[in-house]
Amino acid sequence: MLCVLHSASAVTHYSIPEEMEIGSVVANLAADLNLDVKTLSRRKMRLDNIANKKYFDINKETGELFILERIDREYLCISKSATTCVLKLDATIENPIRIFNIEVEILDINDNAPHFRRDTINLDISESTPVGERFSLNNAVDPDVGSNSIKTYYLSESEHFNIEIQSGRDGSKFTDLILKNPLDREKQNVHNLILTAVDGGVPARSGTASIVVRVLDTNDNAPQFHKESYTITLSENSPIGSLVVKLNATDLDEGSNAEIVYIFSLYTSEKTQQTFSLNPDNGEIRVKDMVNYEDFKIYDMEIIAKDKGANSLSGQCKLTILITDMNDNHPEISVKSFQSTIKENVEVDTIIAVVSVCDKDSGENGVVDIKINKNLPFELKESSDNYYELVVSTPLDRERVPEYDITFTVTDRGTPQLSDNETITVELLDVNDNVPRFNQTFFTIPVTENNAPGALLAALTAVDPDLHENQYLVYFIIEKEIANTSMSMLFSINPENGNLYALKTFDYEIEKEFLFHIEARDSGVPPLSSNVTVHIIIMDQNDNTPVIVSPWRAHGTVVEEKIPRNTDKGSLVAKVIAIDTDSVHNSRITYQFLQNTDATLFSLDQYNGEIRTMRMFSYRDARHQRLVVIAKDNGEPALSATVTIKLSTIETALKSYADMTEVPLEYDIFSDLNLYLVIGLGSVSFLLLITILVTIVLKCQKPKHSKAAPPSRNSVVSERNSTFADSTLVSNDAYWYSMFLAETRKGKLVVRQPVPKGSRYVVSSLPRSTGLSEPTDSAASTLQASTTTSSSSS
């Protein structure tokens, strides 16, 4: 075996002789292509044969190119006019995709002997034929080429004939029989000759044919053409039956010896005779079969003009028909390799497909241009002659365009232009490149207190434009502890749909808001996530009934108050104070009389709860007045509380100091005040106590002999704008109310009746507030007012 390897224009070329044994190794293709043998199977190396039969294959274990089927060069290249026989192969590997062009030239061996188309050649030659006359002989045929084709001819010994060997345009050998001595029919009318064709192979092969020459009587003028050779140009695809040329030969003889018949010589190939027809009577040559430039570009033929004389004479001429190309073949496109699905994050310049183009026409008609539709993230790059790679030109995004229809359009440069197209579809596979997104970054969710556990609060939904598992979201609460309580103990979220639920009942008076984060995470690899801030605001309900803290009374009892009968108009009789622990809107309290013994005697301020006299008491007025006051909040529906006050009027009178005893007052009515109210009331009460003590000390420093006037009715005991202007004095002793009147709007504590000497009273000062509960003992601020007068004073 002879293997010759050479490389040109990225084509690997091998030469092997025909008729090699099946399994014979041509070459180590992997080594010649610089490929790693270990990766051939993984990279799916394969061999694409352009011919119909698969003559070669690749051993993926060794990388060797071996013969799969016996190769007969004469069978394989019978229709080719070229002296070389080449098989074109494509070797393809993947990851990455590469295509190698391989040419295997099949070298001829001398496996065919020359043979003649006819075993016997009959020639009729007139005896008058001049010396040197030529007679065309049937040439021999040898399927082999090159040195193995016909090399020469030999003629058996003859006194009258010899041969002359000529070469055709394609290198073929043919011979003419030449008359070297005049013929004499009377001496010999038949000459039997042997023509031997010998090829140039080693060893040489040969074939023979018998030549029978019959000597005819004289017809001494042969037909003659105007020229010995003609050259005609003919366009391919000429209509069948169209006239190519009309040949004309003349004969100087007369009669039947001058009648001419036109025929193809034996030198004219069968293909030529199948393509063109010759009219034997008039010499017209017409198109007989389809003329295709791509099959044959030149047709050579020899025309013989033969007369009808008894001893027929002939003349011959050569005709060459040149076929001109027309743009009659559409360019072709072939997709050699193609990835129909790619990931959307594929890198730029990644090869998606490999295509090849071709056009059977020649010249400009065979030049092919290829393009793809515009505005696509792909481009074509020429990899080798007529091979193009489709590569990614810009980054891809499946969420924007999920697939692309790519149309390859090929156009030749002929006139008119011919084109063809082929469309492939590239589908993008999703990767996890999109973060889940909520429709807003901050959610404020109002929740009404006293909600039912498990109630749905809101649906917090995120979206992810990815596909499949990259799109599946899981929701969860980012843990955060408030007052040693985890958010997951207060709220829960459905991990599949983002529904947020409350796990407990909320109380506005205890918790007013919560702030935490919720995260949405997809199921991709690696997972992507985003979070959103959730602000839960507890909305107040009117669920707390107002509590009346002043005047204080035991539950279910009636408050009894005593007032002087000579009380002036507009005097403060009592003040009802109620508190509500709901929010500001629901805790706004208004006061109304639910029952009033005499509607003309008392008025009630609906906002501060002060009960004042509308006129002076008359002798007709009853000594006991019953007032029922309702304290109603501003909620929906409104809640209320009532207090019943029994007012008793008394006549003013002086009582001896001896009858007066110090009555300890209870001050445990403020047991529910908040710490800040305790501190505030304590401070106010302490300042008031200091003021009263200082006043008492100053009075006690007067001379004993001087008589102090007893406190008169309506005299001011203390005026403390900063202390009492926004406060209410509270006592659980009704007698105290008969002795003093606290005019809180004016900041005055007014004496209603003469105060016995040495009397001591304990009262409490409360700021006006709607946010306090019932006072406790610890929350009470004590004001001790001690009166000191002379023994003779009231």
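**Details of the overall build of the protein chain**
Stage number 1. Helix and strand counts for the protein chain stand at seven helices and 60 strands.
Stage number 2. Each of the 794 residues in the protein chain was classed as buried or not, and the buried ones make up 44%.
Stage number 3. Counting every atom, the protein chain has about 40600 Å² of accessible surface; 50% of that belongs to carbon and sulfur.

**Overview of the sheet that holds strand 43 (residues 499–502)**
Stage number 1. A sheet is described by the order of its strands in space; here three strands give the open sequence 37-43-42, paired in antiparallel fashion. The sheet is open, and its two edges are formed by strand 37 (456–459) and strand 42 (491–493), each paired on a single side. Within the sheet, the average angular offset between the axes of one strand and its neighbour, ignoring direction, is 20 degrees.
Stage number 2. Relative to strand 43, strand 37 runs antiparallel, the two being bridged by three bridges. What sits directly across from Ala-459, in strand 43, is Asn-499.

**Some points on the confidence of the model for the protein chain**
Stage number 1. Counting all residues, the mean pLDDT for the protein chain is 80, and 82% of those residues have values of 70 or more.
Stage number 2. Counting interchain partners and residues more than four positions distant, the pLDDT-below-50 stretch residues 654–673 has 65 contacts.

**Let's talk about unusual backbone geometry**
Stage number 1. The peptide bond linking Asn-95 to Pro-96 adopts the cis configuration, its omega dihedral lying at -5 degrees.
Stage number 2. In this structure, Pro-551 follows Ser-550 across a cis peptide bond, with omega equal to -5 degrees.
Stage number 3. Note that Pro-551 resides in the loop between strand 46 (547–550) and strand 47 (559–564).
Stage number 4. In this model, Asn-386 sits at a positive phi of 65 degrees, which is unusual for a non-glycine residue.
Stage number 5. One non-glycine residue, Asn-450, adopts positive backbone phi at about 65 degrees.
Stage number 6. Topologically, Asn-450 is positioned in the loop between strand 36 (442–448) and strand 37.
Stage number 7. A residue is classified by how much of its surface remains accessible, and Asn-450, at 37% relative accessible area, is partly exposed.

**Quick look at a nonpolar patch on the surface**
Stage number 1. Taken together, the side chains of Phe-686, Leu-687, Ile-690, Leu-693, Val-694 and Leu-698 present a nonpolar region at the surface, about 550 Å² in accessible area.
Stage number 2. If you trace the backbone, Val-694 turns up in helix 5 (residues 675–700).
Stage number 3. Val-694 sits in the partly exposed class, given a relative accessible area of 44%.

**What to know about the pattern of salt bridges**
Stage number 1. Counted according to the given criterion, the structure contains 19 salt bridges.
Stage number 2. With a closest N to O distance of 4.0 Å, Asp-90 and Lys-336 form a salt bridge. Note that Asp-90 is positioned in strand 7 (residues 86–93) and Lys-336 in strand 27 (residues 332–338), a separation of 246 residues in sequence.
Stage number 3. Arg-134 is the partner of Glu-164 in a salt bridge, and the nearest nitrogen-oxygen pair spans 2.5 Å. On the criterion of sequence distance, the pair formed by Glu-164 in strand 14 (residues 161–167) and Arg-134 in strand 11 (residues 134–136) is long-range, its members being 30 residues apart.
Stage number 4. Taking the relative accessible area as the measure of exposure, Glu-164 reaches 30% and is therefore partly exposed.
Stage number 5. Arg-134 sits in the partly exposed class, given a relative accessible area of 35%.
Stage number 6. A cluster of three or more residues bridged by salt bridges with shared partners is formed by Arg-134, Glu-164 and Asp-176.

**Quick word on the packing of aromatic side chains**
Stage number 1. Summed over the entire model, instances satisfying the criterion amount to 13 aromatic pairs.
Stage number 2. Ring plane angle 55 degrees and centroid distance 6.3 Å describe the contact between Phe-116 and Tyr-153, whose orientation is recorded as tilted. Of the two residues, Phe-116 sits in strand 9 (residues 115–116) while Tyr-153 sits in strand 13 (residues 150–155), which places them 37 residues apart along the sequence. Each member of the pair, Phe-116 together with Tyr-153, is buried.
Stage number 3. Here the aromatic residues Phe-491, Phe-506, Phe-514 and Phe-516 are joined through ring pairs into a cluster of three or more.
Stage number 4. Above the plane of the ring of Tyr-508 lies Lys-512, whose end atom (NZ or CZ) is 4.8 Å from the centre.

**A few points about the sheet that holds strand 19 (residues 229–235)**
Stage number 1. Strands sit in the order 19-26-25-22 across an open sheet of four strands; the sheet is mixed. At either end of the open sheet lies a strand with only one pairing partner, and these are strand 19 and strand 22 (260–264). With strand direction ignored, the average angle separating the axes of adjacent strands in the sheet is 25 degrees.
Stage number 2. By the bridge criterion, five bridges tie strand 22 to strand 25 (residues 298–307) in an arrangement that is antiparallel. Of the residues in strand 25, the one forming a bridge with Val-261 is Lys-306.

**Section: the side chain of Glu-610**
Stage number 1. Assignment of secondary structure puts Glu-610 in strand 52 (residues 610–613).
Stage number 2. Glu-610 gets classed as buried once you look at its relative accessible area, which sits at 2%.
Stage number 3. Among the polar contacts listed, one links the side chain of Glu-610 to the side chain of Arg-612, at a separation of 3.1 Å.

**Some points on the nonpolar core**
Stage number 1. Ranked by size, the top nonpolar core spans 29 residues in total, and within it Ile-16, Leu-29, Met-45 and Phe-56 carry the most contacts.
Stage number 2. Those elements giving two or more residues to this core turn out to be strand 2 (11–17), strand 3 (25–28), helix 1 (29–32), strand 5 (56–58), strand 6 (64–67), strand 7 and strand 8 (98–107).
Stage number 3. In contact with Phe-56, other than residues within four places in its own chain, are Ile-16, Val-26, Leu-47, Asn-49, Leu-65, Phe-66, Ile-67, Leu-68, Ile-71, Leu-87, Leu-89 and Val-104.
Stage number 4. Tyr-475, Tyr-508, Val-532 and Ile-538 belong to the second-largest nonpolar core, a separate cluster that totals 27 residues.

**Side note on helix 5**
Side chains that are three or four residues apart share a direction in an α-helix, a result of its 3.6 residues per turn.
Stage number 1. In this model, helix 5 (26 residues) spans 37 Å end to end at C-alpha, consistent with the 38 Å of a helix rising 1.5 Å per residue.
Stage number 2. Of all the positions in helix 5, only Leu-677, Leu-681, Val-684, Ser-685, Leu-688, Leu-689, Ile-692 and Ile-696 are classed as buried.

**A look at the environment of Leu-243**
Stage number 1. Turning to its location among the elements, Leu-243 is positioned in strand 20 (residues 243–246).
Stage number 2. Its relative accessible area of 43% is what places Leu-243 among the partly exposed residues.
Stage number 3. Leu-243 sits 34 residues away from Ser-277 along the chain, and the two C-alpha atoms are 9.7 Å apart.
Stage number 4. Aside from chain neighbours lying at most four places away, what touches Leu-243 is Glu-284, Ile-285 and Arg-286.

**Side note on the pairing of strand 2**
Stage number 1. Counted residue by residue, strand 2 has seven buried out of seven residues, so it is predominantly covered.
Stage number 2. Burial of the side chains of strand 2 extends over both faces: Val-11, His-13, Ser-15 and Pro-17 are buried on one face and Thr-12, Tyr-14 and Ile-16 on the other.
Stage number 3. Inspection of the sheet shows strand 2 paired to strand 8 by seven bridges, in the parallel sense. Paired with Thr-12 across the two strands is Ile-102, which belongs to strand 8.

Reading the values: rules and limits
- Residues numbered from 1 in each chain as written.
- Predicted model: local features only at pLDDT ≥ 70, side-chain atom pairs only at ≥ 80, totals over all residues.
- Heavy atoms only, no water.
- Helix = DSSP H or I, 4+ residues; strand = E, 2+ residues; numbered from the N terminus.
- Buried < 20%, exposed > 50% of the residue type's maximum accessible area, 1.4 Å probe, protein only.
- Areas by Shrake-Rupley, 256 points an atom, 1.4 Å probe, with all protein chains shown as cover.
- Pairing = 2+ DSSP bridges.
- Axes fitted to C-alpha atoms, helices over the stretch in contact; angles between N-to-C directions.
- pLDDT = per-residue confidence, 0-100.
- Contact = heavy atoms within 4.5 Å.
- Patch = residues over 30% accessible without salt bridge, like charges linked within 9 Å, V, L, I, M, F, W, Y side chains within 5 Å.
- Salt bridge = Lys/Arg side-chain N within 4 Å of Asp/Glu carboxyl O.
- Phe/Tyr/Trp six-rings, centres within 6.5 Å; stacked < 30°, edge-to-face > 60°.
- Lys NZ or Arg CZ within 6 Å of the ring centre and 35° of its normal.
- Polar contact = N/O pair within 3.5 Å; in protein donor to acceptor, adjacent residues only side chain to side chain.
- Core = buried A, V, L, I, M, F, W, Y, C linked by side-chain atoms within 4.5 Å.
- Expected span 1.5 Å × (residues − 1).

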